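Chains, contacts and geometry: an overview
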Amino acid sequence: MMNAIEIKNLNKNYHDFQLKNVSFNVPKGSIVGFIGENGAGKTTTLKAILNLINRDNGIIEILGMDNTKEEKKTKEDIGVVLDGCNFHDSLKTGDISKMMASIYKNWNLSAFQRYLKKFELPENKTVKEYSRGMKMKLQIAVALSHDPKVLILDEATSGLDPIVREEMLDVFMEFIQDEEHAILISSHITSDLDKIADYIVFIHQGEILLNEEKETLLEGMGILKCSEDDFRKLDKEEYIRYRKNQFGFEVLINDKLALKKKYKEAIVDGVTIEEIMLFYVRGER
Ligand SMILES: Nc1ncnc2c1ncn2[C@@H]1O[C@H](COP(=O)(O)OP(=O)(O)OP(=O)(O)O)[C@@H](O)[C@H]1O
């Protein structure tokens, strides 16, 4: 079994929004960055993986187990960080630990205490007295402390300052090092995904638009800046989307090496995940 998570033809219908045949995998030993604009369907997909919502159809397997038929077992294996803090304001870390010990068979108090120390989270304050970043770190500490095989992180780095964010990214990368663990992380901070993701899955209006290895995307794609005349010379297959601005055309290219070979004078810049997203959503075809 190579995949930690397999999603096949997931459909969910809300009255004004649909997840449409969402399919993708999270291979073991990898970090999959899940991107898309507000309302694209990321949280809905993650909730379906956690079996927190009723889907219309589709199959989701966690470590080869059906997530509805073997819900209890699969939940043991998943560490979760959802947007916003789920712990009651009046709790301290000790109370949370007791709660978690009653939920998870593998709750590891000493691991939890190690993370509290590492993340500089005070044990004598209540959740109410924690800052937004501290609450986020607390959730990450809890998610990591019951020996999960898979982490599902919904906007887990938002609200963290750049230094703490980098620290968390290191923790995530360490988590997958043994090739048995895997992470699915949704984030609007696409620069984080530039750093740590192995694959990028891009959802737009409930449909998967792109599902690719990050290196393939970043090494293959490029942005061509050119005049309208030069743009008109391109074949449709040579570009993905274009955007027009006051200086000319910006064109997202599929294969920058091939393009440079064909048009020796062409200036093609590298591309970031954020730019890819913007071209797909706001560019023209
Ligand atoms: N319980 C619900 N009932 C009806 N519609 C819902 C419900 N939950 C989510 N939706 C709708 O589903 C769509 C997708 O929402 P979702 O939270 O999955 O987006 P997202 O990609 O996570 O967005 P964001 O980046 O803003 O968190 C939205 O149009 C939202 O209004």
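Residues numbered from 1 in each chain as written. Predicted model: local features only at pLDDT ≥ 70, side-chain atom pairs only at ≥ 80, totals over all residues. Heavy atoms only, no water.

- The protein chain has the name ATP-binding cassette domain-containing protein in an unreviewed UniProt entry, where Acetobacterium tundrae is given as its organism.

1. Concerning the overall build of the protein chain
- Along the backbone of the protein chain there are eleven helices and 14 strands.
- In terms of overall dimensions, the protein chain has a C-alpha envelope of 70 × 40 × 40 Å along the principal axes.
- Within the protein chain, buried positions represent 52% of all 285 residues.
- Here the contacts in the protein chain between residues at least 6 apart in sequence split such that 69% fall between residues at least 24 apart. (Helix = DSSP H or I, 4+ residues; strand = E, 2+ residues; numbered from the N terminus. Buried < 20%, exposed > 50% of the residue type's maximum accessible area, 1.4 Å probe, protein only. Contact = heavy atoms within 4.5 Å.)

2. Some points on the sheet that holds strand β13 (residues 248-253)
- Within the open sheet, the four strands sit side by side as β12-β13-β11-β14. Their pairing is antiparallel. Lying at the two open borders of the sheet, with one neighbouring strand each, are β12 (239-245) and β14 (268-269).
- Direction of pairing for strand β11 (residues 222-226) relative to β14: antiparallel, over a ladder of two bridges. Directly across from L224, in β14, lies its bridge partner V268. (Pairing = 2+ DSSP bridges.)

3. Looking at unusual backbone geometry
- Backbone geometry places N51, a non-glycine residue, at a positive phi of 55°.
- Within the secondary structure, N51 sits in the loop between α1 (42-49) and β4 (57-62).
- For D147, which is not glycine, the phi dihedral falls at a positive 55°.
- Among the structural elements, D147 can be located in the loop between α5 (132-144) and β7 (150-154).

4. Re the packing of α5 against helix α6 (residues 162-175)
- Running from N to C, α5 and α6 cross one another at 10°; their axes reach a closest spacing of 12 Å. Put simply, α5 runs roughly parallel to α6. Contacts between α5 and α6 involve K137, I140 and L144 from the former and V164, M168, V171, F172 and F175 from the latter.
- Taken together, the residues that form the contact of α5 with α6 break down as seven nonpolar, no polar and one charged. (Axes fitted to C-alpha atoms, helices over the stretch in contact; angles between N-to-C directions. Parallel < 35°, antiparallel > 145°, perpendicular 65-115°, else oblique. Nonpolar A, V, L, I, M, F, W, Y, C, P; charged D, E, K, R; others polar.)

5. What about the nonpolar core?
- Of all hydrophobic cores here, the largest spans 55 residues; its most connected members are F119, L138, F172 and I183.
- With eight residues, the top contributor of residues to this core is α5.
- When near neighbours in sequence (up to four residues on either side) are disregarded, F172 contacts I31, I140, L151, L153, T157, I183, I185 and I196.
- I5, A40, M65 and V150 belong to the second-largest nonpolar core, a separate cluster that totals 29 residues. (Core = buried A, V, L, I, M, F, W, Y, C linked by side-chain atoms within 4.5 Å.)

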